[in-house]
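# Structural overview
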Amino acid sequence: MSRPDFSLGLPPPSHRLNIDTNALAHNWRALDRLSVSGTAGAAVKADCYGLGTDTCVPVLRDAGAAMFFVAHWSEAAPLLEHVRADQVAVLHGPMTGADVEFARATGAVPVINSLDQARRWSDAGGATCHLMVDTGINRLGLAVGDLSDPSVQSLNIDVFMSHLACADEDSSMNARQLSAFREASGKVRYKRLSLANSAGIALGPDYAFDVTRPGLALYGGVPREELSGTIHQVAHIEAAIIQVREISAGECVGYNAEFQAPDSMRVGTVSLGYADGFLRARGRDFALEHGGRQLPLLGKVSMDMIVIDLTLAPDLTEGDWLKVPFYLPVAAQQSAVSQYELLTVLGHRLRAG
Ligand SMILES: *Cc1c(COP(=O)(O)O)cnc(C)c1O
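A quick note: this is a predicted structure, and the numbers were derived from the prediction, not measured. The residue numbers shown here count from 1 along each chain, following its written sequence. Only residues with pLDDT of at least 70 get local features here, since the model is predicted, and only at 80 or more are side-chain atom pairs given and counted; chain-wide, interface and lining totals rely on the full set of residues. Think of the side-chain values as coming from all heavy atoms in the structure, minus any hydrogens and water.

What follows concerns helix α5 (residues 97-106). Of all the positions in α5, only Asp99, Val100 and Ala103 are classed as buried. Seen along its axis, α5 keeps its buried residues to an arc of 100°; they face one direction. Those residues of α5 that are exposed and aimed more than 90 degrees away from the buried face are Ala98, Glu101 and Ala105. Two residues form a contact once any of their heavy atoms are found within 4.5 Å. Think of it this way: any DSSP run of H or I at least four residues long counts as a helix, any run of E at least two long counts as a strand, and we number them from the N terminus. Where α5 is buried, its residues meet α6 (115-123). Just beyond α5, the residue with positive phi is glycine 107, at close to 90°. Buried means the residue's accessible area, taken with a 1.4 Å probe over protein chains only, is under 20% of the maximum for its type, while exposed means over 50%, and partly exposed covers the values in between. Arc, as used here, means the arc of the directions from the helix axis to the C-beta atoms.

This is the structure:
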């Protein structure tokens with residue numbers, strides 16, 4: 001079978017995700033300023049929380065970020081197109097010999113999380129690494145009691161870090177983790193300290209140390225009220241009307257015929273659905289926007305499509321683009337998921353626009 005010729009380009013999809021790169025740079029600078037004693041890095045795992053490594057990382061780098069955190073070794077590869085290898089920290093650490101080989105071949109820096117990882121890294125030559133100590137989240141990281149082990153003491157540690165479990169809440173756990181972190185940092189040699197994620201930065205200068213690790217707030221998430229005036233929306237979604245129809249009183253709309261028209265009305269089908277991160281929970285009492293007008297959703301999100309009421313917008317028709325409100329704190333609440341989840345389920349198809 002011969003390959004079709006795509007040289008004319010693909011027809012554009014009828015929805016799109018626009019990344020406001022100025023807002024992204026603004027958010028990094030704002031979080032960097034709030035990291036008073038330290039400098040902000042950037043958590044760029046999960047493809048920059050769904051917004052795209054190739055779009056976001058150069059912007060963060062040019063704004064001034066010099067340390068980039070990913071979870072998996074496979075996520076380091078696309079980063080290396082944009083930043084120096086010694087600026088890349090891999091949070092899962094060297095779990096296998098293949099991870100160690102990859103680190104040594106590329107220069108990406110592992111975060112050591114266990115005695116096993118400490119030994120594996122030392123055995124391979126023990127180049128510069130970072131170290132994660134657990135102060136209460138019990139996810140990844142060495143126990144404080146393991147820090148005195150010779151395999152840890154001999155490591156060449158750049159950033160000594162821990163991770164807050166409840167930074168987005170006013171929990172006494174924050175202060176407990178802060179003091180456990182301070183105490184743990186007396187047990188090893190390191191160059192720099194790092195504790196705060198986005199919400200941790202908002203807890204105040206005590207939490208900032210040398211390097212902060214914001215993720216969510218870079219991309220427009222607001223994990224604590226203190227950040228709400230500071231953080232700008234980064235992801236903007238638009239979708240087009242792909243069909244307009246007139247329906248009569250008593251006719252239904254969408255899956256499970258949930259909406260029934262009380263009168264004859266004009267409705268529009270819009271190209272957006274769950275595969276684009278637009279979840280069913282968001283359907284009720286929700287509206288798209290056009291020129292300041294609210295266009296209420298009718299019935300359920302039906303896979304790739306939603307249907308809206310165009311009764312008060314007779315001028316709108318097929319091909320017109322509508323704004324999909326996506327201020328994360330509000331959109332996440334409407335979708336009944338966290339801001340993290342809403343960003344990361346946006347979907348590749350939406351980004352292809
Ligand atoms: C994901 C992650 C971050 C970023 O957290 P946000 O809450 O998104 O700011 C920071 N540190 C570690 C270890 C992480 O895994």
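Before going further, it helps to examine the UniProt feature "modified residue: N6-(pyridoxal phosphate)lysine" (unreviewed entry) in the chain. UniProt positions are given in the numbering used here, feature names are shortened, and annotations may be inferred rather than shown by experiment. Mapped onto this structure's residue numbering, the UniProt feature "modified residue: N6-(pyridoxal phosphate)lysine" (unreviewed entry) falls at Lys45. Tracing the backbone through its elements, the reader meets lysine 45 in helix α2 (residues 45-49). In this view, lysine 45 contacts Phe69, Val70, Ala71, Glu75 and Leu91; residues no more than four positions away in its chain are not counted.

Bringing the nonpolar core into the picture now. As used here, the term nonpolar core means buried Ala, Val, Leu, Ile, Met, Phe, Trp, Tyr and Cys residues forming a set that is joined through side-chain atoms within 4.5 Å. By size, the foremost hydrophobic cluster in this structure holds 94 residues, and its most contacted members are Val44, Leu51, Leu60, Leu131, Phe160 and Tyr219. Domain delimitation in this document rests on an assignment produced automatically or drawn from a domain database. When residues are assigned to domains, this core turns out to be shared by domain 1 (21-221) and domain 2 (235-352), each giving three or more. Setting aside residues no more than four positions away along its own chain, phenylalanine 160 makes contact with Leu131, Val133, Leu147, Phe181, Ala184, Ser185, Val188, Tyr190, Arg192, Leu193 and Ser194. Counting residues in hydrophobic clusters, the runner-up holds 9 residues, among them Met67, Phe69, Ala89 and Met132.

The next point concerns the domain arrangement of the chain. Interface size, as often reported, equals the accessible area lost upon joining of the parts. Each assigned domain of the chain is listed with its residue range as follows: domain 1 (21-221) and domain 2 (235-352). One C-alpha centre belongs to domain 1, the other to domain 2; they are set 38 Å apart. Residue-level contacts link 11 residues of domain 1 with 8 residues of domain 2. For the pair domain 1 and domain 2, the two sides together bury roughly 850 Å², of which 63% comes from carbon and sulfur. Take the accessible area each of two parts loses on contact, using a 1.4 Å probe, and add the two losses: that sum is the buried area. On the domain 1 side of the interface with domain 2, the three residues burying the most area are Tyr49, Leu51 and Leu216, jointly 49% of the side's total. By convention in these notes, a salt bridge is any Lys or Arg side-chain nitrogen within 4 Å of a carboxyl oxygen on Asp or Glu. Our enumeration of links across domain 1 and domain 2 arrives at 0 salt bridges. Two N or O atoms count as a polar contact when they lie within 3.5 Å, although within protein this holds only if one can serve as hydrogen donor and the other as acceptor, and sequence-adjacent residues are included solely when both atoms are side-chain atoms. Applying the counting rule to domain 1 against domain 2 returns 0 residue pairs in polar contact (both at pLDDT 80 or more). Note on residue categories: nonpolar means Ala, Val, Leu, Ile, Met, Phe, Trp, Tyr, Cys or Pro, charged means Asp, Glu, Lys or Arg, and polar means any other residue, Gly included. Looking at side-chain class alone, the side of domain 1 that touches domain 2 contains 5 nonpolar, 5 polar and 1 charged residues.

What follows deals with the site of the ligand. Residues are counted as near a molecule or strand when any one of their heavy atoms sits within 4 Å of it. The ligand sits among 14 residues. The nearest are Lys45, Tyr49, Ser198, Leu216 and Tyr340. Within the side chain of asparagine 197, one N or O atom sits 3.1 Å away from an oxygen atom of the ligand. In this structure, tyrosine 340 approaches the ligand through a side-chain N or O atom, which is 2.5 Å from an oxygen atom. Surface exposure here means Shrake-Rupley accessible area, sampled with a 1.4 Å probe, where a residue is shielded only by the protein chains that are shown. Alone, the ligand offers 390 Å² of accessible surface; in the complex the protein occludes 94% of this.

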